[in-house]
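Residue-level structural notes
The chain contents come next:
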Amino acid sequence: MGGGKIGEALVSGLVRRPGAASSIAVVERSPERAAQLEQRYGVRALDLAGAAATSRVLLLAVKPQDVDALLGLLAPHVDGDHLVVSVAAGVPTARIEALLPAGTPVVRVMPNTPALVDEGMSVLSAGAHATEAHLDEAEALLSAVGQVRRVPESQQDAVTALSGSGPAYFFFLVEAMIDAGILLGLPRTLAADLIVQTALGAATMLRDSGEHPVQLREAVTSPGGTTIAAIRELERHGVRAALIAAIEAAHDRSVELGR
Ligand SMILES: NC(=O)c1ccc[n+]([C@@H]2O[C@H](COP(=O)([O-])OP(=O)(O)OC[C@H]3O[C@@H](n4cnc5c(N)ncnc54)[C@H](OP(=O)(O)O)[C@@H]3O)[C@@H](O)[C@H]2O)c1
């Protein structure tokens, strides 16, 4: 329900599973967009009643401000067999449950934009009526576009600040590093190539080596060398403290928006 950026990313990941396209329906407000998704992925476009009648798992992927209206239309079609999985940022399971028939299982998910390239980080929380089996079902769905973790819902504001907003911090860092290349006289495209590949290489080492970031950093920091000169400047400018404060601010804003 909602075939926008995140909805499409999920559909595109799911249809790669053999035979999956015929079991997926999209509910989309714009008929042109619905037709585009049907044609692109071989899924069916249905209305809410049709989707609820043929699907047990209902994925809510509309903007947070559209959630209440959609749930109002969906509620009459929801019965005891449905599982509702919501990726709407900051919308608590209690609010979704309150708009659906009593006892409806709801799983809340915080995804992030790298889901668009199948490298997403999705973090799940169970609502009041969702069981481990429901979380397993939601995990199977989200694992089509990246990795999945589970947390108690009380930790979702911290998750939003870390992995939800996280891609933006890395983009910001990359921007600044490219600017440094420009300052040092490199062409912009070359500076961008150097930094993007370095980011990808560093991220792959972090994920695959099993080593702590400190160990990986020490391995490129030789005595009296270039890296330690740079690290001293990062520490002098309080970059570590700035990142901690920035992520804390994102958390606080998430709490505020949730209210
Ligand atoms: N994009 C991200 O990086 C990201 C990350 C984490 C979480 N999320 C969450 O994912 C959700 C979707 O985000 P998005 O970026 O994919 O938004 P989006 O691109 O705007 O997609 C939402 C889609 O749902 C459609 N829609 C709205 N109300 C509907 C209704 N009643 N029935 C059927 N379709 C309806 C919208 O149509 P119209 O265009 O006509 O309104 C739009 O095509 C949001 O709640 C967001 O918080 C997104």
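Okay, the domain arrangement of the chain next. Entries for the chain in the domain assignment read domain 1 (5-153) and domain 2 (166-258). Centre-to-centre separation of domain 1 and domain 2, based on C-alpha positions: 34 Å. Taken together, the contact pairs five residues of domain 1 with five residues of domain 2. Grouping the amino acids of the side of domain 1 that touches domain 2 by side-chain chemistry returns two nonpolar, three polar and no charged.

Glancing now at the pairing of strand β3 (residues 57-60). Of the strand pairs in this sheet, β3 and strand β4 (residues 83-86) are connected by four bridges, and their pairing is parallel. Note that in β4 the partner of Leu60 across the bridge is Ser86. Handedness of the β3-helix α4 (residues 67-74)-β4 crossover: right-handed.

As a further point, take the sheet that holds β3. Taking strand neighbours across the sheet as the criterion, the five strands line up as β3-β4-β5-β6-β7 in an open arrangement whose pairing is mixed. Where the open sheet ends on each side, the last strands, each with one partner, are β3 and β7 (146-150). Mean inter-strand twist for the sheet, computed between neighbouring axes without regard to direction, equals 25°. Strand direction decides the pairing type here: strand β5 (residues 106-110) and strand β6 (residues 120-126), joined by four bridges, are antiparallel. Bridge pairing links Arg108 to Ser125 in β6. Packing against the sheet, helix α7 (residues 156-164) makes contact with β5 and β6, and its axis sits at approximately 35° to β5.

Turning our attention to unusual backbone geometry. Unusually for a residue other than glycine, Asp118 sits at a positive phi of about 60°. The exposure class assigned to Asp118 is partly exposed, which follows from the 13 C-beta atoms found within 10 Å.

Another aspect to go through is the packing of α7 against helix α12 (residues 239-258). Here α7 crosses α12 at 130°, and the two axes come no closer than 8 Å. On the basis of their axis angle, the class for α7 and α12 is oblique. For the pair α7 and α12, the crossing hand works out as right-handed. Along its contact with α7, which presents Asp157, Ala158, Thr160, Ala161 and Leu162, the element α12 presents Ile247, Ala250, His251, Ser254, Val255 and Gly258. Here the contact of α7 with α12 is built from residues that sort into six nonpolar, four polar and one charged.

Calculation rules
- Residues numbered from 1 in each chain as written.
- Predicted model: local features only at pLDDT ≥ 70, side-chain atom pairs only at ≥ 80, totals over all residues.
- Domains from an automatic or database assignment.
- Contact = placed C-beta atoms within 7 Å.
- Nonpolar A, V, L, I, M, F, W, Y, C, P; charged D, E, K, R; others polar.
- Pairing = 2+ DSSP bridges.
- Helix = DSSP H or I, 4+ residues; strand = E, 2+ residues; numbered from the N terminus.
- Right-handed = clockwise from strand over helix to strand, strands pointing away.
- Axes fitted to C-alpha atoms, helices over the stretch in contact; angles between N-to-C directions.
- Buried ≥ 20, exposed ≤ 12 C-beta atoms within 10 Å, placed from the backbone.
- Parallel < 35°, antiparallel > 145°, perpendicular 65-115°, else oblique.
- Left-handed = near helix turned anticlockwise from the far one by under 90°.

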